[in-house]
Structure formats: structure tokens, C-alpha cells
Amino acid sequence: MASLKRILFLIPITLAGCGDGISDASYDEAMIREAYCIVASLRFGLYEEAEEHHEHGLEAGRLRFEQTNELNDFSKILQDVRLATTNLSKDFHAEYLATRCNRNITVGEFENAD
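All of the points below concern the structure found in this document.

Reading the values: the criteria
- Residues numbered from 1 in each chain as written.
- Predicted model: local features only at pLDDT ≥ 70, side-chain atom pairs only at ≥ 80, totals over all residues.
- Heavy atoms only, no water.
- Helix = DSSP H or I, 4+ residues; strand = E, 2+ residues; numbered from the N terminus.
- Contact = heavy atoms within 4.5 Å.
- Areas by Shrake-Rupley, 256 points an atom, 1.4 Å probe, with all protein chains shown as cover.
- Core = buried A, V, L, I, M, F, W, Y, C linked by side-chain atoms within 4.5 Å.
- Buried < 20%, exposed > 50% of the residue type's maximum accessible area, 1.4 Å probe, protein only.
- Patch = residues over 30% accessible without salt bridge, like charges linked within 9 Å, V, L, I, M, F, W, Y side chains within 5 Å.
- Salt bridge = Lys/Arg side-chain N within 4 Å of Asp/Glu carboxyl O.
- Lys, Arg positive; Asp, Glu negative; His and termini not counted.
- Charge placed at Lys NZ, Arg CZ, Asp CG, Glu CD.
- Axes fitted to C-alpha atoms, helices over the stretch in contact; angles between N-to-C directions.
- Parallel < 35°, antiparallel > 145°, perpendicular 65-115°, else oblique.
- Left-handed = near helix turned anticlockwise from the far one by under 90°.
- Nonpolar A, V, L, I, M, F, W, Y, C, P; charged D, E, K, R; others polar.
- Phe/Tyr/Trp six-rings, centres within 6.5 Å; stacked < 30°, edge-to-face > 60°.
- Lys NZ or Arg CZ within 6 Å of the ring centre and 35° of its normal.

Notes on the overall build of the protein
When you go through the protein residue by residue, the secondary structure sums to six helices and zero strands. Element order for the protein, N to C, with α for helix and β for strand: α-α-α-α-α-α. Look at the contacts in the protein between residues 6 or more apart in sequence, and 58% of them connect residues 24 or more apart. Of the roughly 6,600 Å² of accessible surface on the protein, a fraction of 52% belongs to carbon and sulfur atoms.

Some remarks on the nonpolar core
Residues A35, Y36, F44, I77, V81, L97 and I105 are the most contacted members of the largest nonpolar core, which totals 24 residues. Only α2 (27-43), α3 (47-68), α4 (74-84) and α5 (90-100) provide two or more residues apiece to this core. Looking at which element gives the most residues to this core, the answer is α2, with nine residues. In contact with V81, other than residues within four places in its own chain, are I32, A35, Y36 and V39.

A look at a negative patch on the surface
On the surface, E48, E51, E52 and E55 cluster together into a patch of negative charge. Considering the arrangement of structural elements, one finds E52 in helix α3. Residue classification places E52 among the partly exposed residues on the basis of a relative accessible area of 44%.

Side note on the packing of α2 against α3
Interhelical geometry of α2 versus α3 gives an angle of 165° and a closest axis separation of 8 Å. The orientation of α2 relative to α3 falls into the category roughly antiparallel. Taken as a pair, α2 and α3 cross one another with a handedness that is left-handed. Residues Y27, D28, A30, M31, E34, C37, I38, S41 and L42 of α2 lie in contact with α3, whose contacting residues are Y47, E49, A50, H53, H54, H56, G57, A60, G61, L63, R64 and Q67. Across the contact of α2 with α3, the residue classes break down as ten nonpolar, seven polar and four charged.

Topic: the packing of aromatic side chains
This structure, assessed with the given rule, holds four aromatic pairs. Look at Y36 and Y96: their rings are 4.8 Å apart centre to centre, the planes differ by 35°, and that puts the pair in the tilted class. You can see Y36 sitting in helix α2 and its partner Y96 sitting in helix α5, a full 60 residues away along the chain. For Y96, a relative accessible area of 8% puts it in the buried group. These aromatic residues form a ring-pair network of at least three members: Y36, F92 and Y96. For K90, the ring lying beneath its charged end belongs to F110, and the centroid distance is 4.5 Å.

Here it is as C-alpha cells:
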């Protein structure tokens, strides 16, 4: 879990992303970032965007498998990210959406979040 947290905060940006204008250094990092985008989107009730990020995460996993023949479990990555972000603030999620998911939330979305 410690290595996952380290990767999540040190993600370099070089590999082509999923069309949201964000790039990742590897398919593994893309899956982690997309998992974070899902969790952050759900925090603000952005269900359609969470579903898009889910599709992007699955696609990164598929591409990784095609390139390396290594199995991966995007649902496990998503579960780990959910556990790692349980106690993080709305501010963290809003900032993550803005900087890593190309989505600025509105004041109303922020205020309505739990």
C-alpha cells in the first residue's frame, strides 16, 4: 500500500492519456490516475464522468495486457484507491479533478458534496 501511495503522488506525465488532456508515463500509472478520477468524480456526484474514467481505466489495462501479456485487475486498483482516499478532504478531490482529470468543479458541486 505504501508503494501505491508513493506512485500516486509521483506520477510523471509523458504517455498519451485518455483524451482528457492528461498524459501518463505508463499504463499502470494511467490506471491509477483513472481510479483516482473515478473516486474524486463520485465524491461530487459526477456519475457520468466517473463512468468515462472507468472505461478509460479498463482501456489502459487492456492496452497494458496487449503490450506485456501481464494480467491486471483494475477493480483491485480502484478498491485500493478508494481505501487510500477515504479520509481525504473535498479540497483534495477537487484539486485532483482539476489537475489530473481536467475537470474543474463548480461551487455548487463542491458545496453539495458530502
